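Chains, contacts and geometry: an overview
Below are the chains, spelled out letter by letter.
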Protein chains: 2
Amino acid sequence: MERLPGFRDFYPEPLPHKDVWSADLRQYIFTKWREIARRYGFREYDGPPLEPLELYQLKSGDELVEQMFNFVDKGERAVSMRPEMTPTLARMIAAHERAYKKPIKWFALPQLFRYERPGKGRLREHFQFNADIIGEADVAADAELIALLIDSLRAFGLTAEDFVIRLSSRNAWQDYFSARCHDHAKAYEFFQIVDKLEREDPAKSDEKLKALGFSLEELNHFIIAGEPTPELKAILDDLAARGLGDFVKVDYHVIRGLAYYTGPVFEAFDRKGEFRAIAGGGRYDNLVKLISGDKVNLPALGFGLGDVVLFELLKARGLLPTCDSGVDVFVLIEDEELRKPSLKLIQDLRSAGMVVEYSLTPAKSDKQFKRAQELKATHTAKLEKSPGGELVAKVRNFKTREEKSGPPDGVRGLLSV
Amino acid sequence: MERLPGFRDFYPEPLPHKDVWSADLRQYIFTKWREIARRYGFREYDGPPLEPLELYQLKSGDELVEQMFNFVDKGERAVSMRPEMTPTLARMIAAHERAYKKPIKWFALPQLFRYERPGKGRLREHFQFNADIIGEADVAADAELIALLIDSLRAFGLTAEDFVIRLSSRNAWQDYFSARCHDHAKAYEFFQIVDKLEREDPAKSDEKLKALGFSLEELNHFIIAGEPTPELKAILDDLAARGLGDFVKVDYHVIRGLAYYTGPVFEAFDRKGEFRAIAGGGRYDNLVKLISGDKVNLPALGFGLGDVVLFELLKARGLLPTCDSGVDVFVLIEDEELRKPSLKLIQDLRSAGMVVEYSLTPAKSDKQFKRAQELKATHTAKLEKSPGGELVAKVRNFKTREEKSGPPDGVRGLLSV
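Residues numbered from 1 in each chain as written. Chains lettered and ligands numbered in written order. Predicted model: local features only at pLDDT ≥ 70, side-chain atom pairs only at ≥ 80, totals over all residues.

Overview of the overall build of chain A
When its secondary structure is counted, chain A shows 14 helices and 19 strands. Against the compact-globule benchmark of 22 Å for 417 residues, chain A has a radius of gyration of 28 Å, which places it well outside the compact range. Along the three orthogonal principal directions, the C-alpha set of chain A runs to about 100 × 55 × 45 Å. A buried classification covers 45% of the 417 residues belonging to chain A. For chain A, the share of sequence-separated contacts (at least 6 apart) that also reach a separation of at least 24 residues comes to 65%. (Helix = DSSP H or I, 4+ residues; strand = E, 2+ residues; numbered from the N terminus. Rg over C-alpha atoms; globule rule 2.2 N^0.38 Å. Buried ≥ 20, exposed ≤ 12 C-beta atoms within 10 Å, placed from the backbone. Contact = placed C-beta atoms within 7 Å.)

Considering the pairing of strand β7 (residues 104-108) of chain B
Note on strand geometry: in a regular strand, side chains alternate between the two faces of the sheet. Residues and elements named next belong to chain B. Burial analysis of β7 places 5 of its 5 residues in the buried class, which makes it a mostly covered element. Alternating positions in β7 separate into two faces, I104, W106 and A108 on one and K105 and F107 on the other, with burial throughout. Here 2 bridges tie strand β3 (residues 43-44) to β7, and the two strands are oriented parallel to one another. Bridged to R43 within β7 is W106. Bridge count between β7 and strand β9 (residues 125-134): 5 bridges; the pairing is antiparallel. The residue of β9 that forms the bridge with I104 is I134. (Pairing = 2+ DSSP bridges.)

Some thoughts on the relation of the copies chain B and chain A
At an RMSD of 0.0 Å, chain B and chain A line up after a rotation of 180 degrees and a shift of 0.0 Å along the axis. When the rotation and shift are considered jointly, the pair of chain copies conforms to a two-fold rotation axis. For chain B, the smallest separation between a C-alpha atom and the rotation axis is recorded for F71 of chain B, amounting to 3.7 Å. Taken together, the interface assignments show that 100% of the residues at the interface of chain B recur at the interface of chain A, consistent with an identical surface on both copies. (Least-squares fit on C-alpha atoms with pLDDT ≥ 70 in both.)

Re the sheet that holds strand β6 (residues 78-81) of chain B
The strands making up a sheet are joined through hydrogen bonds of the backbone, oriented either antiparallel or parallel. Residues and elements named next belong to chain B. The strand order across the open sheet formed by 3 strands is β4-β6-β5, and the pairing between neighbours is antiparallel. Strands with a single pairing partner mark the edges of an open sheet, and in this sheet they are β4 (50-52) and β5 (69-72). Strand after strand, the sheet turns through a mean of 30 degrees between neighbouring axes, direction not considered. Pairing of β5 with β6, which is carried by 4 bridges, proceeds in the antiparallel orientation. In the sheet register, F69 faces β6, and the bridge partner there is M81. (Axes fitted to C-alpha atoms, helices over the stretch in contact; angles between N-to-C directions.)

Some thoughts on unusual backbone geometry
The omega torsion across E13 of chain A and P14 of chain A is -5 degrees, close enough to zero to call that bond cis. Inspection of the secondary structure puts P14 of chain A in the loop between β1 (10-11) and β2 (21-22). With phi around 65 degrees, E76 of chain B is a residue other than glycine that occupies positive phi space. In this structure, E76 of chain B sits in the loop between β5 and β6. Among the residues examined, E76 of chain B registers 6 C-beta atoms within 10 Å and is labelled exposed. Here the phi dihedral of R401 of chain B falls at roughly 60 degrees; this positive angle occurs in a residue that is not glycine. The topology assignment puts R401 of chain B in the loop between β18 (391-397) and β19 (403-406). By C-beta crowding, R401 of chain B is classed as exposed, having 7 other C-beta atoms within 10 Å.

Re the domain arrangement of chain A
Each assigned domain of chain A is listed here: domain 1 (10-316) and domain 2 (329-414). One C-alpha centre belongs to domain 1 of chain A, the other to domain 2 of chain A, and the line joining them spans 51 Å. (Domains from an automatic or database assignment.)

Considering the packing of helix α1 (residues 23-39) of chain A against helix α4 (residues 139-154) of chain A
All names here are of chain A. α4 packs onto α1 with a crossing angle of 145 degrees between their chain directions and a minimal axis gap of 9 Å. Between α1 and α4 lies a crossing of right-handed hand. In this structure, α1 uses W33, I36 and A37 to contact α4, whose residues at the interface are L148, D151 and S152. Residue composition of the contact of α1 with α4, by class: 4 nonpolar, 1 polar and 1 charged. (Left-handed = near helix turned anticlockwise from the far one by under 90°. Nonpolar A, V, L, I, M, F, W, Y, C, P; charged D, E, K, R; others polar.)

Structural notes on the interface of chain B and chain A
The interface is formed by 72 residues belonging to chain B together with 72 residues belonging to chain A. Looking at the side of chain B that touches chain A residue by residue, the class counts come to 32 nonpolar, 12 polar and 28 charged.

Laid out in structure tokens, this is it:
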């Protein structure tokens, strides 16, 4: 019995096979993301992993449905496993924004799904750190959000030599388009061509552009010589004031594929150019209005940072930590007559917050000791009977090999050995 | 645009509406579960939220498919959103058990799905704390697992007056059945009737039992007068040695509905009997063998503890904590000329691990101060220019109202005010 193609199993370390993922490293990454988001005053939210298909069609038409993990449920509803988090966020905001002071700063760690052709290493699900600011039109919000993204990558030991945020502007591209083409309906198609420029054969891009009345040469001139817009300048200044100037540069190659972006947009890339975009985001000032059926109109912006590319990058840079069982004390039960008081000792240590392991069944002393070593336990502890019949606890530090003795109920004190 | 029926939205506290759930309390519950599981030496794992439908049909036949969230995907595969975690675990164990020393102690916090008729408060998804021990046949493992369950509930402040683990034995019921009926095919039907005894009209249960050659009177005698089996006795003794005797009692009403249980089984209930079972579990020594197609044969046991009933119980007992933004410092920017050095200060404080908020845009002093109060910030900090033109940081403790001044780069020291 196999898992479905494109889905991952997460095992505890050390991993049994190269085909599976690490639950420990996933939790390591999630914990960092939560910690950094909170430092920035972002609060956690979540929505259902399944939503009405319509929620995703509203903003992008049917073209994306092809790649969605959608189906018809037993109640005849057209539904989809969530391909991205922003529509859910917009729906939740539209429903209850009045209860929250603006700006609203929220984050989530959703698992997202798509139905792509499966292939080697191509996944149908991944996790994403999503952070959004809602209700603030000023670019100070864009800078705050980008600063959070930078720190969400620095938290893993990545530096300005490892990654850069390429900052661009959908506005600037919209202006570029509008000055040359008056058929607004073609704008999305144009943005899609720009979005693919770096991945597509230049001749093919040029051909597509010419069909819309543009040319690649002219476009490249704008990309290379385009000056930062005043709003991009303000974002750069804000980030520089924080000491984060080295992590960001203006690059009009970036435009973001999704239809709903409206202002500054950005993507994070590894400096060596070995990986796909690590993260991407930008302003989507009209989406909440659209999703709410014109009831709520709030400017908004956000980013998504995926677990898969980040994991690959951290691995390539040697920045993944080693994970183990984290056992504080392995309790040796060498005399089965002392199993019951040993169970009491185990319970007391766990109640004090310690990670405690022991042999569930009778086992030879050396086998128990070996298991403690394998688990990299910091200490062993055992009970012994003194000649006077009293119980004595003996605690040994694995590293220093120091050993201390004392009454069983004082074993917590002995552990500071 | 509404979410799908039976699914939940999780918002940050304070909640905007009684119809939504708390993301903060969900995280509070998850964090406790992880913490306690680790103390017991359990390691985290996870699998896909979508599995081949066949994985669930193997062990239980088609009868449960009716309640499953299953569908046919775009690749014509019969799939199901996971209704429970145990089959995924058994699949993962069967694939890679050789890499792990026995007993394997693993936990997971999956979201689970079912397609039930929606109704008031009836959900189609919930989260579950799952813990399992694989590869140990001795009842010492059953006791270890039940101790973990007890501590997973005590961690929230629940006591032996709030809940009890009702311990029973599928073996004992199997013996009871086999002594009276030789048609093994009827055993599952019989177990289902026993499982529903406390919820169903006695006359109806009696009728069903009689159809199988049993009677309710006879059954009730066994339930009330049945002695603990030797294995249940051993589990009770182990738990008593840990000081957990008050949390468990033998009660043969419990049998567990699922087909795959084989040995001791148990459920956790609130003592007042106001809620459904909080948790349930037991031995399933044949499941890994079944799922692996006879390749791997390992005894196993586990429990599931759901977030919804636990949440309701904690709420009823007044044990839910209040959650807020956790802001350590609100940085006041009263002079816009000092915004840039203030951004530097904010960055420094966040880099030191503090939760820092500030007004993204220019705002009056009293409005900023009011926002700091609303957020229950522990401190405010602000920069001022001294008459000599030097920057001075002023830090104020909201509770003690104590204020201290110093150079901006020493503000971390001032925060210990």
